[in-house]
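Architecture at a glance
One-letter residues, chain by chain:
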Amino acid sequence: MSQKLSPGTVAFLAAAPLLWAGNAVTGKLVHGLIPPITLNFIRWVLAFLILLPLAWRTLRPDSPLWPHWKRYALLGLLGIGCYNALQYMALQTSSPLNVTLVGGGTPVCMLILGTLFFGVPARREQIIGAVLSVLGVVLVLCRGSLDQLLSLRLVIGDVYMVLAVISWSLYSWLLVRTSDPASIRSDWSAFLIAQMIFGLGWSGAFAAAEWSVGTHDIVWGWPLAAALAFICIGPAVLAYRFWGVGVQRAGPVMAGFFINLTPLFAAVLSLALLGEAPHLYHAVAFVLIVAGIVVSSRRK
């Protein structure tokens, strides 16, 4: 953990935000076609079916997974059951760009959790980088206006995204623990499906609760089918694979700064697909976020 960034590690840590930016834009495109928590559940059902031929042995009764079921149930709750469901819920009232920029608070959350619960004190460069990232988030939340900042009122989508950031930060810290059975830890498909089997239970329960309150209208058709195909292969299977490798190589704190590349990609995709052109304050926020990555990666 916390190795020096290599080109390969950078590629893994940048590929995941690119796919997650596409996930945010896609979630916005289909928000009128399917309820958000149901979307998350179907996404993971399809991703599970994709991985099953590769990792079905992990689910056998004699698998080393089951003695460690509590760990994987927690990973499934945080990374599969909660994070994306909260993000899709946030997209009901917020734009993909704003949602991903609120996610820019991830490095701060990573530092706080690492210091308080995982015995990893923050370095000065990491603190400075986190401050720069937070300034970028504050800038977009107040729309570049001091008056907006003074009268800022959070919408429900912002609250959902804050909860998502906390969930993802905990998930990332738990990834670097080395208590997993070697046969699972060394096989990326086994490691991911071990989380999925429990994550499906959590996300299924949340989807059932969503349906119980009456929000279950689904508009089936090619647009929804294409969206599901993308999010179950890219943001679910591939991005989680890339992120897991990147976190294990660079550590959760350094990896957390790469999450802030997501708004950069989301801005481009939003412009291309949704017609949501970025404003000047978005550009300044992007500069602050990238500066946070650069500063935090420096070592004495």
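About the cut-offs
Residues numbered from 1 in each chain as written. Predicted model: local features only at pLDDT ≥ 70, side-chain atom pairs only at ≥ 80, totals over all residues. Heavy atoms only, no water. Helix = DSSP H or I, 4+ residues; strand = E, 2+ residues; numbered from the N terminus. Buried < 20%, exposed > 50% of the residue type's maximum accessible area, 1.4 Å probe, protein only. Contact = heavy atoms within 4.5 Å. Areas by Shrake-Rupley, 256 points an atom, 1.4 Å probe, with all protein chains shown as cover. Patch = residues over 30% accessible without salt bridge, like charges linked within 9 Å, V, L, I, M, F, W, Y side chains within 5 Å. Salt bridge = Lys/Arg side-chain N within 4 Å of Asp/Glu carboxyl O. Axes fitted to C-alpha atoms, helices over the stretch in contact; angles between N-to-C directions. Parallel < 35°, antiparallel > 145°, perpendicular 65-115°, else oblique. Left-handed = near helix turned anticlockwise from the far one by under 90°. Nonpolar A, V, L, I, M, F, W, Y, C, P; charged D, E, K, R; others polar. Phe/Tyr/Trp six-rings, centres within 6.5 Å; stacked < 30°, edge-to-face > 60°. Expected span 1.5 Å × (residues − 1). Bend = angle between axes of the 7 residues up to and from the residue.

1. Focus on the overall build of the chain
Helix and strand counts for the chain stand at 14 helices and zero strands. Ordered by position from N to C terminus, the α and β elements of the chain give α-α-α-α-α-α-α-α-α-α-α-α-α-α. For the chain, the proportion of its 300 residues judged to be buried stands at 52%. Taking contacts inside the chain between residues at least 6 apart in sequence as the whole, the part at least 24 apart equals 88%. When the accessible surface of the chain is summed, it comes to about 13,200 Å², and 70% of that surface belongs to carbon and sulfur atoms.

2. Side note on a nonpolar patch on the surface
Residues Ile 156, Val 159, Val 162, Leu 163 and Ile 166 make up a contiguous nonpolar surface patch of about 380 Å² in total accessible area. Classification of Ile 156 as partly exposed rests on a relative accessible area of 43%.

3. Re the packing of helix 8 (residues 156-175) against helix 11 (residues 222-250)
With their axes 9 Å apart at the nearest point, helix 8 and helix 11 run at an angle of 60° to one another. In terms of axis orientation, helix 8 runs oblique to helix 11. Here the hand of the crossing between helix 8 and helix 11 comes out right-handed. Residues Trp 168, Tyr 171, Ser 172 and Leu 175 of helix 8 form the contact with helix 11, whose own contacting residues are Tyr 240, Trp 243, Gly 244 and Val 247.

4. Let's talk about the packing of helix 3 (residues 69-90) against helix 8
Close contact between helix 3 and helix 8 brings their axes to 8 Å; oriented N to C, the two are set at 155°. Classified by the interaxial angle, the pair formed by helix 3 and helix 8 is roughly antiparallel. Relative to helix 8, helix 3 is oriented so that their crossing is left-handed. Mapping the contact onto sequence places Arg 71, Leu 74, Leu 75, Leu 78, Gly 79, Cys 82, Tyr 83, Leu 86, Gln 87, Met 89 and Ala 90 in helix 3 and Gly 157, Tyr 160, Met 161, Leu 163, Ala 164, Ser 167, Trp 168, Leu 170, Tyr 171, Leu 174 and Leu 175 in helix 8. Along the lines of polarity and charge, the residues of the contact of helix 3 with helix 8 split into 17 nonpolar, four polar and one charged.

5. What to know about the pattern of salt bridges
If you walk through the whole model with that rule in mind, you get three salt bridges. Between Arg 71 and Asp 180 there is a salt bridge, and its shortest N-O distance comes to 2.6 Å. In this pair, Arg 71 is assigned in helix 3 and Asp 180 in the loop between helix 8 and helix 9 (182-185), connecting sequence segments 109 residues apart. Classification of Arg 71 by relative accessible area gives buried; the value is 13%. We note a salt bridge from Arg 185 to Asp 180, for which the minimum N-O separation is 2.7 Å. Assessed through its relative accessible area of 8%, Asp 180 is described here as buried.

6. What to know about the packing of aromatic side chains
Pairs of aromatic rings are described using the distance from one ring centre to the other and the angle between the two planes. What the rule picks out here adds up to 14 aromatic pairs. Taking the centre distance of 5.7 Å and the plane angle of 45° together, the rings of Phe 12 and Phe 242 count as tilted. Within this pair, whereas Phe 12 is found in helix 1 (residues 7-29), its partner Phe 242 is found in helix 11, the two being separated by 230 residues in sequence. A residue is classified by how much of its surface remains accessible, and Phe 12, at 22% relative accessible area, is partly exposed. Consider the rings of Trp 20 and Tyr 240, whose centres lie 6.1 Å apart with planes at 85°: the pair is edge-to-face. Of the two residues, Trp 20 sits in helix 1 while Tyr 240 sits in helix 11, which places them 220 residues apart along the sequence. Among the aromatic residues, those joined into a cluster by ring pairs are Trp 20, Trp 44, Tyr 83, Trp 168, Tyr 171, Tyr 240 and Trp 243.

7. Topic: helix 11
For an α-helix, the turn length of 3.6 residues means that residues three or four places apart are oriented alike. Taking 1.5 Å per residue, 29 residues should reach 42 Å; helix 11 reaches 39 Å between its end C-alpha atoms and fits that length. At Ala 239, helix 11 shows its strongest bend, of approximately 35°. In the stretch just after helix 11, Gly 251 is the one whose phi turns positive, near 90°.

8. As for the environment of Leu 269
Structurally, Leu 269 is set in helix 13 (residues 262-273). Here Leu 269 falls in the partly exposed class, since its relative accessible area comes to 24%. Spatially, the C-alpha atom of Leu 269 lies 9.6 Å from that of Thr 26, the residues being 243 residues apart in sequence.

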